[in-house]
Amino acid sequence: MRLLKQLLKLEGKPIRGLLWLEWAMIVYAVLTTILIAFTYSRLHEPLQMLWGRGQAIVMTLALWGAYRIFPCRLMLFCRVAGQMIYLGWWYPDTFELNRICPNLDHIFAQAEQTLFGFQPALTLCHDFASPIISELLTLGYVSYYPMIAAVLLFYFLFRYERFLRSAFIIMASFFLFYVIFIALPVAGPQFYFKAVGTDVIAQGIFPELGDYFYHLPFEVTNRDQVLPLPGWKDGFFYHLLVVAHDAGERPTAAFPSSHVGIITVVLWLAYEARNRWLLWIMIPLAVLMFFATFYIQAHYAIDAIAGLIAGTLMYFLFRWVYHE
């Protein structure tokens, strides 16, 4: 009851304008709308893309208006949560924009081969196929959104003065990753290996695909276009992974790994929170996620490594950018 009263208590100095993370969404929406205008004739569903951006703007203004009428912590949390939930739409949208450019997977697969001498995404899932390893790694991967939510909830409940800053750092990092994904059309092993054949990849041959994905009528439910998810198929976390994968995976967003990158940002925020329990719960899950990204063939190993670097840079960049 005390918590509820605190959530519903009117704030003495309510925020008048839009939040920093809402401005981050608007800037991204405007920039990509301009890109849509210039590439309109080459896009597969430009009207749907524009409609989605319009919905995001309307949702933002509606939540802002509700907060202005009843300016309390709960309404402020709803404004942040609305933007976080809508990220599920923004992610697959990057595929519609980056598919118009020639695919670059052959470059990244060759770099992977040069660095490691083999393809970790092709071999590790077979070398470490035990149910225990499968479940641990898929646990790490499906913990992605819960880890983000846990850190944001911690800041909201126990570090409220830094809640909006933390939410902005995460949201801005997401959108910067999306900009990179649009500029770098890398589909990842699960799509590239399927397109060229794993037998070809095993021989160290990495053909160019050109505009293959542009002409591919991709459907989320069409598993013929993607390698089967490796792992213990009777596992609880494996089934959660399949549900998450089928819900929004596209041949996009491989380099750098935003899963690793965003969780790196989250780890830095957990460290900043100065709560050892929060940090020490996050670290093992983050390690599992790192290896899971290429174990399940969603990424090349270099994607995960780049995600660590990119996430760290984004954390410090957006912490510096943000000011009250």
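As shown above, the structure is provided for reference.
Per-chain numbering applies: the sequence of each chain, read as written, is numbered from 1 onward. Per-residue local features are limited, in this predicted model, to residues with pLDDT of at least 70; the limit for side-chain atom pairs, both in listing and counting, is 80 or more; totals at the level of whole chains, interfaces and linings are taken over all residues. The basis for every side-chain value is the complete set of heavy atoms in the structure, and neither hydrogens nor water enter the calculation.

> Hey, could you run me through the packing of aromatic side chains in this one?
Geometrically, a pair of aromatic rings is defined through the distance of the ring centres and the angle of the planes. The pairing test for Phe, Tyr and Trp rings, Trp by its six-membered ring, is centres within 6.5 Å, and the orientation test on the planes gives stacked under 30 degrees, edge-to-face over 60, and tilted for anything in between. Summed over all chains, the structure comprises 37 aromatic pairs. Between Phe77 and Phe163 the ring centres are 6.2 Å apart and the planes differ by 20°, which places this aromatic pair in the stacked class. Taken as a pair, Phe77 in helix H4 (residues 73-98) and Phe163 in helix H9 (residues 163-183) lie far apart in primary sequence, 86 residues in all. The classification of residues rests on relative accessible area computed with a 1.4 Å probe and restricted to protein chains. Under 20% of the type maximum is buried, over 50% is exposed, and intermediate values are partly exposed. Overall, Phe77 belongs to the partly exposed group, its relative accessible area being 25%. Residue class for Phe163 comes out buried when judged on its relative accessible area of 1%. For the ring pair Trp89 and Trp90, a centre distance of 5.0 Å and an interplane angle of 75° mean the geometry is edge-to-face. Under the relative-accessibility criterion, Trp89 is labelled partly exposed at 24%. Every member of this aromatic cluster is reached through a ring pair, and the members are Tyr28, Tyr86, Trp89, Trp90, Tyr144, Tyr145, Phe174, Phe175, Phe177, Tyr178 and Phe181. Lying across the ring of Tyr214, Arg42 places its NZ or CZ 5.4 Å from the centre. Each helix corresponds to a stretch of at least 4 residues labelled H or I by DSSP, and each strand to a stretch of at least 2 residues labelled E; elements are numbered beginning at the N terminus. We call a charge positioned over a ring when the NZ of a Lys or the CZ of an Arg lies within 6 Å of the ring centre and within 35 degrees of the ring normal.

> Just checking my understanding: could you explain helix H7 (residues 131-142) for this structure?
What a helix is expected to span follows from its residue count: subtract one and scale by 1.5 Å. Over its 12 residues, H7 runs 16 Å from end to end, which matches the ideal 16 Å to within 8%, given 1.5 Å per residue. If you check which residues of H7 are buried, you get Ser134, Glu135, Leu137, Thr138, Gly140 and Tyr141. Here, two residues are considered to be in contact whenever any of their heavy atoms come within 4.5 Å of each other. Next to the buried residues of H7 lie helix H8 (144-158), helix H13 (236-248), helix H14 (258-272) and helix H15 (276-295).

> Please clarify how the pattern of salt bridges should be interpreted in this entry.
Any two side chains of opposite charge can pair, so long as their charged atoms come close to each other. Salt bridge, as applied in this entry: a Lys or Arg side-chain nitrogen positioned within 4 Å of an Asp or Glu carboxyl oxygen. A full pass over the atoms with the stated rule returns 5 salt bridges. Among the ionic pairs, Glu272 bridges to Arg162, the shortest N-O distance being 3.2 Å. Of the two residues, Glu272 is situated in helix H14 and Arg162 in the loop between H8 and H9; the sequence distance between them amounts to 110 residues. The salt bridge involving Arg165 is made with Glu272; its shortest N-O contact spans 1.7 Å. With Arg165 in helix H9 and Glu272 in helix H14, this residue pair connects regions lying 107 residues apart in the sequence.

> I tried to follow the packing of H7 against H13 on my own but got confused; where do I start?
Working convention: axes come from line fits to C-alpha atoms, limited for helices to the stretch in contact. Angles between N-to-C directions cover 0 to 180 degrees. It is the contact of H7 with H13, at a shortest axis distance of 8 Å, that shows an interaxial angle of 40°. Considering the angle they form, H7 stands oblique to H13. Between H7 and H13 lies a crossing of left-handed hand. In this structure, H7 contributes Glu135, Thr138, Leu139, Tyr141 and Val142 to the contact, and H13 contributes Phe236, Phe237, Tyr238, Leu240 and Leu241. Broken down by class, the residue content of the contact of H7 with H13 amounts to 8 nonpolar, 1 polar and 1 charged. Here the angle decides the label: under 35 degrees means roughly parallel, over 145 means roughly antiparallel, 65 to 115 means roughly perpendicular, and every other value means oblique. Helix crossings get a hand from a simple test, with the near helix turned counterclockwise from the far one by less than a right angle marking a left-handed crossing and a clockwise turn marking a right-handed one. In this count, Pro and Cys sit with the nonpolar residues alongside Ala, Val, Leu, Ile, Met, Phe, Trp and Tyr, while Asp, Glu, Lys and Arg are called charged and the others, Gly among them, polar.

> Whenever I open this one, unusual backbone geometry confuses me. Can you help?
With the exception of glycine, the majority of residues adopt a negative phi angle, and the majority of peptide bonds are in the trans configuration. The amide bond that connects Phe255 to the next residue, Pro256, takes the cis arrangement and shows omega of -15°. Its identity is not glycine, yet Gln297 carries a phi of approximately 70°, on the positive side.

> Please explain the environment of Val196 as it appears in this structure.
Tracing the backbone through its elements, the reader meets Val196 in helix H10 (residues 189-196). Overall, the relative accessible area of 16% leaves Val196 in the buried class. In sequence terms Val196 and Leu209 are 13 residues apart; their C-alpha atoms lie 8.2 Å from each other.

> Explain the nonpolar core to me, please; I cannot follow it from the model alone.
As a rule of thumb, nonpolar side chains are buried together in soluble globular proteins. Here, nonpolar core refers to any group of buried Ala, Val, Leu, Ile, Met, Phe, Trp, Tyr and Cys residues whose side-chain atoms link them within 4.5 Å. Trp90, Ile148, Ile170, Phe175 and Tyr178 are the most contacted members of the largest nonpolar core, which has 68 residues in total. Only helix H2 (20-38), helix H3 (46-69), H4, H8, H9, H14, H15 and helix H16 (301-321) provide two or more residues apiece to this core. With 14 residues, H9 is the largest single contributor of residues to this core. Within the second largest apolar cluster, 27 residues are counted, among which are Leu124, Phe193, Leu227 and Phe290.

> When you look at H2 in this model, what are you seeing that I'm missing?
For an α-helix, 3.6 residues make a turn, and residues three or four places apart therefore share a direction. In a regular helix each residue adds 1.5 Å, so 19 residues correspond to 27 Å; H2 covers 28 Å between its end C-alpha atoms and thus fits that length. Along H2, the positions that sit buried rather than exposed are Leu21, Glu22, Ala24, Met25, Ile26, Tyr28, Ala29, Thr32 and Ile36. Its buried side turned inward, H2 meets H3, H4 and H9.

> Can you walk me through the side chain of Ser143 in this structure?
The topology assignment puts Ser143 in the loop between H7 and H8. Look at Ser143 and you get buried, because its relative accessible area is 7%.

> Hey, could you run me through the packing of H4 against H9 in this one?
Between two packed helices, the angle of one axis relative to the other and the distance separating the axes together describe the packing. At their nearest, the axes of H4 and H9 sit 9 Å apart, and the two run at 5° to each other. As the angle between them shows, H4 and H9 are arranged roughly parallel. Contacts from Leu76, Phe77, Val80, Gln83, Met84, Leu87, Trp90, Tyr91, Thr94, Leu97 and Asn98 in H4 reach Phe163, Leu164, Ala167, Ile170, Met171, Phe174, Phe175, Tyr178, Phe181 and Ile182 in H9. Partitioning the contact of H4 with H9 into residue classes produces 18 nonpolar, 3 polar and no charged.

> For this particular structure, what's the right way to read the side chain of Asn103?
By the secondary structure assignment, Asn103 is in the loop between H4 and helix H5 (105-116). Taking relative accessible area as the criterion, Asn103 reaches 5% and is therefore assigned buried. A polar atom in the side chain of Asn103 sits 3.4 Å from the backbone oxygen of Pro185. For Asn103, the contacting residues outside a window of four places in its chain are Pro185, Val186, Ala187, Tyr192, Leu209, Gly210 and Phe213. N or O atoms within 3.5 Å of each other form a polar contact, as long as, within protein, one can give a hydrogen and the other can take it, and as long as residues adjacent in sequence are counted only when both atoms are side-chain atoms.

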